[in-house]
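Reading the structure
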Amino acid sequence: MPKPLALVVDDEADLLELIRITLARMGVDAVTAPTLAEAKRQLEQQRIDLCLSDLNLPDGSGLDLVQHIAAHYPDLPIAMITAYGSMESAVAAMKAGAFDFVAKPVDLAALRNLVEAALRLRGRSVLATDAGEGVADTPLIGSSNVMQQVRALIAKLARTQAPVFITGESGTGKELAARLIHTQGLHRRGSFVPVNCGAIPPDLVESELFGHKKGSFTGAVADKPGLFQVAAGGTLFLDEVAELPLPAQVKLLRAIQEKAVRPVGAAREISVDIRLISASHRDLVREVEEGRFRQDLFYRINVIELRMPALREHPEDIPELAEYILGRLAKRTAGRPTGHCPKLSAEAVAALQHYPFPGNVRELENILERALALCEGDSIRLADLYLQEPLSSKATADRHEIAVDRVPVSIPNELSLQERDLEAAASALGLTSLALRYRLKRLGIGLGR
Ligand SMILES: Nc1ncnc2c1ncn2[C@@H]1O[C@H](COP(=O)(O)OP(=O)(O)OP(=O)(O)O)[C@@H](O)[C@H]1O
């Protein structure tokens, strides 16, 4: 099999040579072009597997080349070589379709990671017709236009390395979407490492993300790799990224820009190749305006935004989602013959389609799980759903309230919480007891008085 062939477009002879040698060591041949015009000629003449281009070329911009390749060679990955500090152009190039960038002075480890990822991408485009490629465990259900658009964008995002920021209310499937980008993408052979940024104590964020050396602080009894290292070669999913304290945001920005991390107490940085996906249910633009989130970091993580719609925006998907969820739950339920799954009555389906679902698909899962436990016979009736009107849409949009759905109290009336326990449970969940009481009521759980 012939070696992969790269086209390197730059007018600096020294840099061209350095890249050529690095590629040769990786078993990749390279042809070079000092200008945009020459690059286009080379592309016509041979089958190129990967293109690396400077942003500033004597006869035009590297962005023109990105657009030319997107139009004529849509399967060809192109990465940009950017001047130090010109992150904005790197971001613009990725928005235009470049799959990644490497900053000057070129770090060879970062360059090697990038080339490996590009070649995997190339390999994948050859394999794309293989049955079963890119199939994730849990599919994203929904035939509505909006869900079809989400699926199409996920497939597109899987083919780039650009950092993706997923927005959407709690329970809309942000993590599921991130997993799909991972399983369909270049880093799918690596691990998918989800991190709930809000759950890490502020003083441990740095060591959790970047690792630490033994003895670097009290309690650091051994060297410990950070989540960036754990995710190397795979995808790091920073959920609730808006909850990161400002000092950690500075470090994260540096890690993204340098594609390298420095463990706490370590003398040197380690280069890491990860796909970064982040998410938040908060409005990050507002967080930036109010000084809680760094604008430069926002700009870096939000190269491409994927918005997960609230369930009430696509109620037409509710019957399909409900059927899928019931099927999955029925399989898990002991004692139920496999393949046997109660169906929702027409009245129950209609009620679900009119329910506002402040907790989105996760809430639908909870409602159905409870209904499945309560229903008798083959049909889930309206009464089995225990749907209640939310107090107010604002209060129910609070994620903490939704988080209560995860408390193991899904069967109503089995649990009788005393007032004291209620206080303790509420404080453990970071809720007011009023909010917890409200959620329990909505779940139909008695408070024992
Ligand atoms: N379109 C969908 N099809 C099938 N399952 C879905 C869909 N959307 C969400 N789910 C399911 O709903 C549950 C909640 O999804 P997920 O955890 O991805 O939401 P999230 O937006 O990350 O929530 P949070 O912000 O609270 O972390 C999961 O069990 C997920 O599999």
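A brief report on the enclosed structure follows. If you're wondering where the values come from, they're calculated on a predicted model, not measured in any experiment. Along each chain, residue indices are assigned from 1 in the same order as the chain's sequence is written. A pLDDT threshold of at least 70 governs which residues receive local features in this predicted model, and a stricter bar of 80 or more applies before side-chain atom pairs are shown or counted, although totals over entire chains, interfaces and linings include all residues.

Section: unusual backbone geometry
A cis amide bond links Lys 104 with the next residue in sequence, Pro 105, at an omega value of -5°. Counting through the fold element by element, Pro 105 comes out in the loop between strand E7 (100-103) and helix H5 (108-127). The phi torsion at Asn 360 lies on the positive side, around 55°, for a residue other than glycine. In this fold, Asn 360 is placed in helix H15 (residues 360-374). Of note, Tyr 386 is a non-glycine position whose phi angle comes to about 50°, a positive value. Each helix is a run of H or I in the DSSP string that is no shorter than four residues. Each strand is a run of E no shorter than two, and both are numbered from the N terminus. Tracing the chain through its elements places Tyr 386 in the loop between helix H16 (382-385) and helix H17 (393-396).

What about the sheet that holds strand E9 (residues 192-196)?
Strand pairing follows a simple DSSP-based rule, namely that at least 2 bridges must link the two strands. Pairing within the open sheet is parallel, and its five strands lie in the order E9-E12-E15-E8-E16. Looking at the sheet topology across the chains shown, the edges are occupied by E9 and strand E16 (304-307). In this sheet, neighbouring strand axes are inclined to one another by 20° on average, regardless of whether the strands run parallel or antiparallel. Relative to strand E12 (residues 235-239), E9 runs parallel, the two being bridged by five bridges. Its bridge partner lying in E12, Phe 192 is registered against Thr 235. Note on geometry: axes are C-alpha line fits, over the in-contact stretch for helices, and angles between N-to-C directions span 0 to 180 degrees.

Some thoughts on the site of the ligand
Each residue receives a C-beta atom built from its backbone; the residue is near a molecule or strand if that atom lies within 6 Å of it. Not every one of the 18 residues close to the ligand is listed here, only the nearest: Ile 141, Gly 173, Lys 174, Glu 175 and Val 361. Side-chain classes follow a simple rule in which Ala, Val, Leu, Ile, Met, Phe, Trp, Tyr, Cys and Pro form the nonpolar group, Asp, Glu, Lys and Arg form the charged group, and the remainder, Gly included, forms the polar group. Here the residues of the shell around the ligand sort into five nonpolar, eight polar and five charged. Looking at the shell around the ligand, you find at least three residues from each of domain 2 (145-309) and domain 3 (311-379). Domain boundaries shown here were taken from an automatic or database domain assignment.

Digging into the environment of Ser 170
You can see Ser 170 is positioned in the loop between strand E8 (164-167) and helix H7 (174-184). Any residue with 12 or fewer other C-beta atoms within 10 Å of its own C-beta is exposed, any with 20 or more is buried, and the rest are partly exposed; the C-beta atoms used are placed from the backbone. Judged by the 22 C-beta atoms lying within 10 Å of it, Ser 170 is buried. A sequence separation of 112 residues divides Ser 170 from Arg 282, and the C-alpha atoms of the two residues are 9.6 Å apart.

Some details on helix H6 (residues 145-157)
Here, expected helix span is obtained from the residue count minus one, scaled by 1.5 Å. Between its terminal C-alpha atoms H6 stretches 18 Å, which fits the 18 Å expected from 13 residues at 1.5 Å a residue. For H6, every residue scored as buried is listed here: Met 147, Val 150, Ile 154 and Leu 157. The arc that holds the buried residues of H6, viewed along the axis, is 85°, so those residues lie on one side. When the buried face of H6 is taken as reference, the exposed residues oriented beyond 90 degrees from it are Asn 145, Gln 148, Gln 149 and Ala 152. Contact between residues is assigned whenever the C-beta positions, reconstructed from backbone atoms, fall within 7 Å. On its buried face, H6 sits against E8, H7 and E16. To be clear, the arc concerns the directions from the helix axis to the C-beta atoms.

Here we look at the sheet that holds strand E2 (residues 29-33)
Taken together, five strands build an open sheet; the order of strands is E2-E1-E3-E6-E7 and the sheet is parallel. Single-partner strands in this sheet number two, and they are E2 and E7. Each strand of the sheet is rotated relative to its neighbour by a mean of 20°, with strand direction disregarded. In terms of strand pairing, strand E1 (residues 5-9) meets strand E3 (residues 50-54) through four bridges, oriented parallel. Opposite Leu 7, over in E3, you have Cys 51 as the bridge partner. Its contacts with the sheet put helix H4 (residues 87-96) on strand E6 (78-82) and E7, and the angle it makes with E6 is roughly 170°.

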